[in-house]
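Chain residues, written in single-letter form:
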Amino acid sequence: MRVLIVDDEPYLAEAIRDGLRLEAIAADIAADGDAALELLSVNAYDLAVLDRDIPGPSGDAIAAHIVASGSGMPILMLTAADRLDDLASGFELGADDYLTKPFAMRELVLRLRALDRRRAHHRPPVRELAGLRLDPFRREVYRDGRYIPLTRKQFAVLEVLVDADGGVVSTEDLLERAWDENADPFTNAVRITVSALRKRLGAPWLIVTVPGVGYRIDASQRA
């Protein structure tokens, strides 16, 4: 399990991180909202522990960002306030659990493990095709047991191709599903991304170009 801790009290944040590490839970610290957004953009976390009152974008804003991302990442909010209105507003923003300061480390660990178990029931299924193992929840890809580091866009394209189970996916479908509605239909982004993805996956090439149609994964190829 990997947790993002967002708290501007350095001693508390470090104590939480050290306590989680003793429980074999990896943790990163962000001291403000901007740092939290940066870490969320480059790392995949299983859970977020958010203090509501932090510099920069607030804990509430970070929670809203996580919810809007569609990652399904559970959020545990930390706060010094224990009024019912404060708790209610946090849950309305998308928090999955609440813990008021001060708190016992053991209770935090138990709550995080409970959230992780709950999350596990809603994980997307791991897909396997042609020696590829794609885990949508952890955003990880392996080819015949070898980890393949991918950018977010490369992962999104590969996920669409794997979901097609060897069928052809048109450039238009890739633009719609891996980019967004504002993507330029005449852009070279799909061709460039597929080319880079093909190289990342290595030889023999798994992604086949179907001229004038699109792309598919050749299920007969293995590394």
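In case you missed it, the structure is sitting above this.
Quick summary incoming for the structure in this document. (Residues numbered from 1 in each chain as written. Predicted model: local features only at pLDDT ≥ 70, side-chain atom pairs only at ≥ 80, totals over all residues. Heavy atoms only, no water.)

For the rest of this paragraph, the subject is the side chain of Arg198. Among the secondary structure elements, Arg198 is positioned in helix 8 (residues 189-201). Within polar-contact distance, the side chain of Arg198 engages the side chain of Thr209 at 3.0 Å. (Helix = DSSP H or I, 4+ residues; strand = E, 2+ residues; numbered from the N terminus. Polar contact = N/O pair within 3.5 Å; in protein donor to acceptor, adjacent residues only side chain to side chain.)

Moving on to the sheet that holds strand 12 (residues 214-217). Spatially, 3 strands are ordered 10-12-11 in an open sheet, and the strand pairing comes out antiparallel. Looking at which strands have only one partner, the edges of the open sheet turn out to be strand 10 (169-170) and strand 11 (207-210). Where strand 11 meets strand 12, 4 bridges bridge the pair, whose relative direction is antiparallel. Within strand 12, the position partnered with Ile207 by the bridge is Ile217. (Pairing = 2+ DSSP bridges.)

Counted at 1.5 Å a residue, the expected span for helix 1 (residues 10-22) with its 13 residues is 18 Å, and the 18 Å between its end C-alpha atoms agrees. All of the buried residues in helix 1 are Ala13, Ile16, Gly19 and Leu20. The arc that holds the buried residues of helix 1, viewed along the axis, is 130°, so those residues lie on one side. The exposed set on the far side of helix 1, more than 90 degrees from its buried face, consists of Tyr11 and Leu22. (Expected span 1.5 Å × (residues − 1). Buried < 20%, exposed > 50% of the residue type's maximum accessible area, 1.4 Å probe, protein only. Arc of directions from axis to C-beta.)

Mapped onto the elements, Gly59 comes out in helix 3 (residues 59-69). The sequence separation of Gly59 and Val49 amounts to 10 residues, and the corresponding C-alpha distance is 9.4 Å. Sequence-distant contacts of Gly59, defined by excluding residues within four places in its chain, comprise Leu50, Asp51, Arg52, Ile54 and Met77. (Contact = heavy atoms within 4.5 Å.)

So, about the pattern of salt bridges. In the structure shown here, the tally under the stated rule is 11 salt bridges. One salt bridge connects Asp28 with Arg2, and the closest N-O pair in it is separated by 2.8 Å. With Asp28 in strand 2 (residues 26-30) and Arg2 in strand 1 (residues 2-6), this residue pair connects regions lying 26 residues apart in the sequence. On the basis of relative accessible area, Asp28 is assigned to the partly exposed category, the value being 21%. In the salt-bridge network here, residues are joined through shared partners; they are Asp7, Glu9, Asp51 and Lys101. (Salt bridge = Lys/Arg side-chain N within 4 Å of Asp/Glu carboxyl O.)

Pairs of packed helices are described in terms of their axes, by the angle between the two and the distance that separates them. With their axes 10 Å apart at the nearest point, helix 6 (residues 152-163) and helix 8 run at an angle of 85° to one another. Compared by their axis directions, helix 6 and helix 8 come out roughly perpendicular. Between helix 6 and helix 8, the contacting residues are Lys153, Gln154, Val157 and Leu158 on the first element and Thr193, Val194, Ala196, Leu197, Arg200 and Leu201 on the second. Taken together, the residues of the contact of helix 6 with helix 8 sort by class into 6 nonpolar, 2 polar and 2 charged. (Axes fitted to C-alpha atoms, helices over the stretch in contact; angles between N-to-C directions. Parallel < 35°, antiparallel > 145°, perpendicular 65-115°, else oblique. Nonpolar A, V, L, I, M, F, W, Y, C, P; charged D, E, K, R; others polar.)

Further remarks concern the sheet that holds strand 8 (residues 140-143). Strand-to-strand pairing in sheets goes through backbone hydrogen bonds, with the strands running parallel or antiparallel. Pairing in this open sheet of 4 strands is antiparallel, and the strands run 6-7-8-9 from one edge to the other. For this open sheet the edge positions go to strand 6 (127-129) and strand 9 (146-147), each flanked by a neighbour on one side alone. With 4 bridges joining them, strand 7 (residues 132-135) and strand 8 adopt antiparallel strand pairing. Note on strand 8: the bridge partner recorded for Leu134 is Val141. Set on the sheet, helix 6 makes contact with strand 6, strand 7 and strand 8; between it and strand 7 the angle comes to about 115°.

So, on to the packing of helix 6 against helix 7 (residues 171-178). Where helix 6 meets helix 7, the axes come as close as 10 Å, and the angle between the chain directions of the two elements is 125°. Classified by the angle between their axes, helix 6 and helix 7 sit oblique to one another. Here the hand of the crossing between helix 6 and helix 7 comes out right-handed. Across the interface between the two elements, Lys153, Ala156, Val157, Val160 and Asp163 of helix 6 pack against Leu174, Arg177 and Ala178 of helix 7. Here the residues of the contact of helix 6 with helix 7 sort into 5 nonpolar, no polar and 3 charged. (Left-handed = near helix turned anticlockwise from the far one by under 90°.)

Okay, helix 3 next. Turning to helix 3, its buried residues are Gly59, Ile62, Ala63 and Ile66. The arc that holds every buried residue of helix 3, seen down its axis, measures 100°, which confines them to one face. Gly70 occupies a position one or two residues after helix 3 and carries a positive phi of about 75°.

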